[in-house]
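# Observations on chain architecture
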Amino acid sequence: MGAIPTQRETVSCAIGAPAPAAGVTAPECARAHVVLLGSSLAPGAARAMVRAALADWAELGLPGSRQLTGHLAADALVVVSELVTNAVVHAGTDVEVTCRLEESGTLVVEVTDHRPSRAPRGGEPVTPHEIPEYGRGLRLVASLSEAWGITYRPGAKTVWARLPAAGGEDDERIEAHAGERGSVRHGLPPAPPGPAAEAPDAPAAPAGTARPDAAGTPAPAGTMRPDGAGTPVVPSGTAHPDAAHTPAVPAHGACADGPDGGDGPQWPDWGDGAQEPGRRGVRDRDWLGRGALSFLAEASDLLAGQLDEELVASLTGQLVVPRLADWCAVWLEDESLGRGGAWGDDPGASLGARLARVWHACESRVDELRTALEKDPPRARDPWRSGPVSHPWPGDALGPHAEHGAALAYRLVAGGRPLGTLVIGRAGVPAFPEEISGLVEDLSRRVALAVGAARQYARQATISAVLQRGLLPGAVAEIPGVRSALVYEPCDKGGPSGDFYDLFPAGDGRWCFTVGDVQGKGPEAAVVIGLARPWLRLLAREGYGVPDVLDRLNQLLLDDATEAADAAARALVAVGGRPVAPGDGPQTRFLSLLYGELVPVGDGVVRCTLASAGHPLPLLLSPDGTVGAVAQPQTLLGVVEDATYTSETFELRSGDTLLCVTDGVTERRSGSRQFDDGDGLAAALAGCAGLDAGLVAERIRRLVHEFGPRPPEDDLALMVLQAE
């Protein structure tokens, strides 16, 4: 049985039909589209769809169908098979396949998956210029097509290929389609024998490829418009004012062939065919007068939203090339070496500086350019000066048509810290125009700020992750005769959670468990958890009973708040401030806590003693499906001086299940409703009768997530204890 398509549509345009809608770069005569389940049957189903579509179009005699030769049809089947196999193997999602016929007879195959990025294999970083060792599928596609590329949209990635009609090729339409669909790659050698599956996104991590606009300016890859459309955002200032009246230009990765057949870097053709420096300068001044300020403003917005320094470097290259330069490179430094420690006059003094990104208007020149730049990194005499300084031209690395040119290096400095260097270059000119140089200097300051912000975020995320791990037990105890299961999902992945749990041996045949929730989140909540959890363990192991542990923990929290308030008052008076009025100083963080003690007594019976201090009450599920609360509500910890707590004791018998949760479960919202409205949690637990502890925990977690249309907005923790 073949793959089951979830959707299929065919649209045909007969001779004389109205022109296609705006946004279609070439007259389209027919389109076939199918959505396939991501299984091993998908490639065969995709081939069948393309084969049937080509036969239908030929039978209808649509424009362009006369060029549908058997050779072209065979190529289309190979290409669609390779691209669908790639999507199934490396994305694992449903696959959308589109085949379009243009009036010229050119076929366009597009395959879309819904996993726009993935980590490189083996967890090792893969630089964008490297060819993966696994698979040759895209090289085979490149050898059969006249242009191919990748387009990133929110939640999706499309790989497309254009197959030329028999009898010639239309370069203008090739480049027009490249400007609409993604980056173009030419000149890849034929695929040697080998595996046919290659991840299309692997060599482009993390930012992917650029998608040129109508004027040939590449947009930052992976960046989408706020309205959710699939077109990458291009700063409005980068569009040439006459772009609508000029022919399409080479996109990033498309190289003009020189007289000797070599690939020479070319400045984008603005429509008059002028490539000489004089005409280029005229175009520079025209663009600077019309769109430079808008370019900087929108580039600032784009860079400011990035929290990964590698992505900032990638976006910088795509902003600069080809609008401001033929090529650019971004070095990033290791700040741990100290100020200026990565730079000096000594050729070997570039320790700590790494070439993070190289971008060139001709993609085939990237490898050679990277090699040349790595041999001669920038060395700034003044590491804290951000203005441009000359940089050696990389020479033969750019081909016979770019043996000479101008290159400038800009130090990336933010907050008094040198972070790296931006280098740009133009072929065939003795020097950069001052206007361009000044504009890139302004852009480099914004890049430096974005890199600094990304590093600060990375440091904070690392600290938070380390702190979060320290607040939770490394392992939970195994209790004889009791199965346990835990679910812990902090809402803020980048900061400490306010929820915590523990399950530990207390000695003398006793095991203790706790589930707690501190008021608020972040470092303040982490301080309270760091105080409460060790004290719980210490008091339990000293032999204190459940009520005594809560009494002492309550007093400890109040004493800690009093000491903090006294310290703040003394510090304020020491600097000449007025004394703090009662109630105005630092306040204690309230703590809701469920704390209990388990003692196996034999014959499958476990005695449980517990108390709830301002916490959602624990629920007990019997084998017959009945559910009931097994504790009484009491006051939060850290609120009332000299509060006295009480506990309840009951027996867990074979098949009984005890559920302990935080308010992230009970107060999960869907509009004005909460998950526990009308005893919703008890009803959900009753439906878990007969399940083991792990399945009970997973089912409650799933029901909580499915309760609302959006992800939970609070931390979520739950513990399941089940007597065997």
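For the structure itself, consult the block above.
Residues numbered from 1 in each chain as written. Predicted model: local features only at pLDDT ≥ 70, side-chain atom pairs only at ≥ 80, totals over all residues. Heavy atoms only, no water.

## Description of the packing of helix H8 (residues 434-471) against helix H9 (residues 522-541)
Applicable threshold: Angles here are taken between N-to-C directions and fall from 0 to 180 degrees, while the axes themselves are lines fitted to C-alpha atoms, restricted in helices to the stretch in contact. Each helix is a run of DSSP H or I of at least 4 residues and each strand a run of E of at least 2, with the numbering of both proceeding from the N terminus. Reported orientations rely on four angle classes, namely roughly parallel under 35 degrees, roughly antiparallel over 145, roughly perpendicular from 65 to 115, and oblique for the rest. In a left-handed crossing the near helix is turned counterclockwise from the far helix by less than a right angle, and in a right-handed crossing that turn is clockwise. Two residues form a contact once any of their heavy atoms are found within 4.5 Å. Under this grouping Gly is polar, as are all residues other than the nonpolar Ala, Val, Leu, Ile, Met, Phe, Trp, Tyr, Cys and Pro and the charged Asp, Glu, Lys and Arg.
Look at H8 against H9: their axes get within 10 Å of each other, and the N-to-C directions meet at 25°. As summarised for this structure, H8 and H9 are arranged roughly parallel, according to the angle between their axes. In terms of crossing hand, the pair formed by H8 and H9 is left-handed. Counted together, Leu467, Gly470 and Leu471 of H8 and Ala526, Ile529, Gly530 and Arg533 of H9 form the full contact between these two elements. Of the residues contributing to the contact of H8 with H9, the split by class is four nonpolar, two polar and one charged.

## Points about a nonpolar patch on the surface
Which entries qualify depends on this criterion: The patches reported here contain residues having more than 30% relative accessible area and no salt bridge. Joining distances are 9 Å for like charges and 5 Å for nonpolar side chains (Val, Leu, Ile, Met, Phe, Trp, Tyr). Per-residue accessibility takes into account occlusion by the displayed protein chains alone, with areas from the Shrake-Rupley method and a 1.4 Å probe. Salt-bridge detection follows one rule: a side-chain nitrogen of Lys or Arg within 4 Å of a carboxyl oxygen of Asp or Glu. Under the scheme applied here, a residue whose accessible area is under 20% of the maximum for its type counts as buried, over 50% as exposed, and between as partly exposed, the area being computed with a 1.4 Å probe on protein chains only.
Taken together, the side chains of Phe590, Val639 and Val640 present a nonpolar region at the surface, about 210 Å² in accessible area. Mapped onto the elements of the fold, Val640 is located in the loop between strand S22 (627-629) and strand S23 (648-652). According to the relative accessible area criterion, Val640 is partly exposed, its value standing at 36%.

## Considerations on unusual backbone geometry
Omega for the bond connecting Val321 with Pro322 falls within 30 degrees of zero, at 0°, which places this linkage in the cis form. Looking at the element boundaries, Pro322 is found in the loop between helix H6 (309-320) and strand S11 (327-333). A positive phi angle, near 60°, is found at Asp508, a position not held by glycine. Non-glycine residue Asp679 carries a positive phi angle of around 55°. Tracing the backbone shows Asp679 in the loop between strand S26 (673-674) and helix H12 (680-686).

## Description of the sheet that holds strand S12 (residues 353-360)
Spelled out, the test is: Paired strands, as defined in this entry, are two strands with at least two bridges between them according to DSSP.
Strand order across the open sheet formed by five strands is S12-S11-S15-S14-S13, with antiparallel pairing between neighbours. The two strands at the open ends of the sheet, each matched to only one other strand, are S12 and strand S13 (388-390). Strand after strand, the sheet turns through a mean of 20° between neighbouring axes, direction not considered. Two elements, S11 and strand S15 (residues 417-427), share six bridges in a ladder whose sense is antiparallel. The partner of Ala329 across the bridge, within S15, is Val423. Along the sheet, H6 contacts S11, S12 and S15; its crossing angle with S12, the most-contacted strand, is approximately 35°.

## Section: the state of the cysteines
Our working definition: We call a pair of cysteine sulfur atoms a disulfide when they lie within 2.5 Å.
Counted by the stated rule, this structure contains zero disulfides. Cys608 takes part in no disulfide bond, and the closest cysteine sulfur to it belongs to Cys660, at a distance of 7.6 Å. Note on Cys608: relative accessible area 0%, which makes it buried.

## A few points about the pattern of salt bridges
Enumeration according to the criterion identifies 19 salt bridges in this entry. The closest approach of N and O atoms between Glu102 and Arg162, which form a salt bridge, is 2.9 Å. Here the residue Glu102 occupies a position in strand S3 (residues 95-102), and Arg162 occupies one in strand S6 (residues 156-163), the gap between them amounting to 60 residues. Residues Glu102 and Arg162 agree in their burial class; the two are buried. Glu706 is paired through a salt bridge with Arg702; the nearest N and O atoms lie 3.4 Å apart. Highlighted residues: Glu706 and Arg702, both in helix H13 (residues 693-707), separated by four residues, approximately one helical turn. When salt bridges that share partners are traced, they join Glu309, Glu310, Arg354 and Arg455 into one network.

## Structural notes on H6
Condition: Given a helix with a known number of residues, its expected span is that number minus one, times 1.5 Å. By the criterion applied in these results, polar contacts are pairs of N or O atoms within 3.5 Å in which, for protein atoms, one can donate a hydrogen and the other can accept it, and in which residues neighboring in sequence qualify only through two side-chain atoms.
Here H6 is twelve residues long and its end C-alpha atoms lie 17 Å apart, about the 16 Å a rise of 1.5 Å per residue gives. Counted residue by residue, H6 has eleven buried out of twelve residues, so it is predominantly covered. Along H6, the residues classified as buried are Glu309, Leu311, Val312, Ala313, Ser314, Leu315, Thr316, Gly317, Gln318, Leu319 and Val320. For H6, the N-terminal cap is Asp308; the gap from its side-chain oxygen to the backbone nitrogen of Glu310 is 2.9 Å.

## Regarding the packing of aromatic side chains
Heads up, the rule is: Classification of ring pairs uses Phe, Tyr and Trp, with its six-membered ring standing for Trp, and accepts pairs whose centres are within 6.5 Å; under 30 degrees between planes counts as stacked, over 60 as edge-to-face, and the remaining range as tilted.
According to the stated counting rule, one finds three aromatic pairs in the structure shown. A ring pair is formed by Trp327 and Trp393, whose centres lie 5.8 Å apart and whose planes are at 55°; its orientation type is tilted. Here Trp327 is found in strand S11, whereas its partner Trp393 is found in the loop between S13 and strand S14 (405-414), with 66 residues between them in sequence. In this structure, Trp327 and Trp393 share a single accessibility class: buried.

## Concerning the sheet that holds strand S19 (residues 591-602)
Note: strands within a sheet are paired through backbone hydrogen bonds, in either parallel or antiparallel orientation. Taken together, five strands build an open sheet; the order of strands is S17-S18-S19-S20-S23 and the sheet is antiparallel. One side of each edge strand has no neighbouring strand; the edge strands of this open sheet are strand S17 (499-507) and S23. Direction aside, neighbouring strands of the sheet carry axes that sit 20° apart on average. Bridging between strand S20 (residues 605-613) and S23 involves five bridges; their strand directions are antiparallel. Along S23, the bridge assignment pairs Val606 with Leu652.

## Some details on helix H2 (residues 70-90)
Taking 1.5 Å per residue, 21 residues should reach 30 Å; H2 reaches 30 Å between its end C-alpha atoms and fits that length. Immediately downstream of H2, the backbone of Gly92 shows phi near 75°, a positive value.

## Quick notes on the packing of H6 against H8
For the pair H6 and H8, the least separation of the axes is 9 Å and the interaxial angle reads 165°. With respect to each other, H6 and H8 are oriented roughly antiparallel. As H6 packs across H8, the resulting crossing turns out to be right-handed. Residues Glu309, Val312, Thr316, Leu319 and Val320 of H6 lie in contact with H8, whose contacting residues are Leu443, Val447, Ala450, Val451, Ala454 and Arg455. Tallied by class, residues from the contact of H6 with H8 come to eight nonpolar, one polar and two charged.

## Concerning the pairing of strand S27 (residues 716-723)
Among the eight residues of S27, eight are classified as buried, and the element is accordingly described as predominantly covered. Of the strand pairs in this sheet, strand S16 (residues 482-489) and S27 are connected by eight bridges, and their pairing is antiparallel. By the bridge assignment, Val487 is partnered in S27 with Leu718. Relative to S27, strand S24 (residues 657-661) runs antiparallel, the two being bridged by five bridges. Note on S27: the bridge partner recorded for Thr657 is Gln722.

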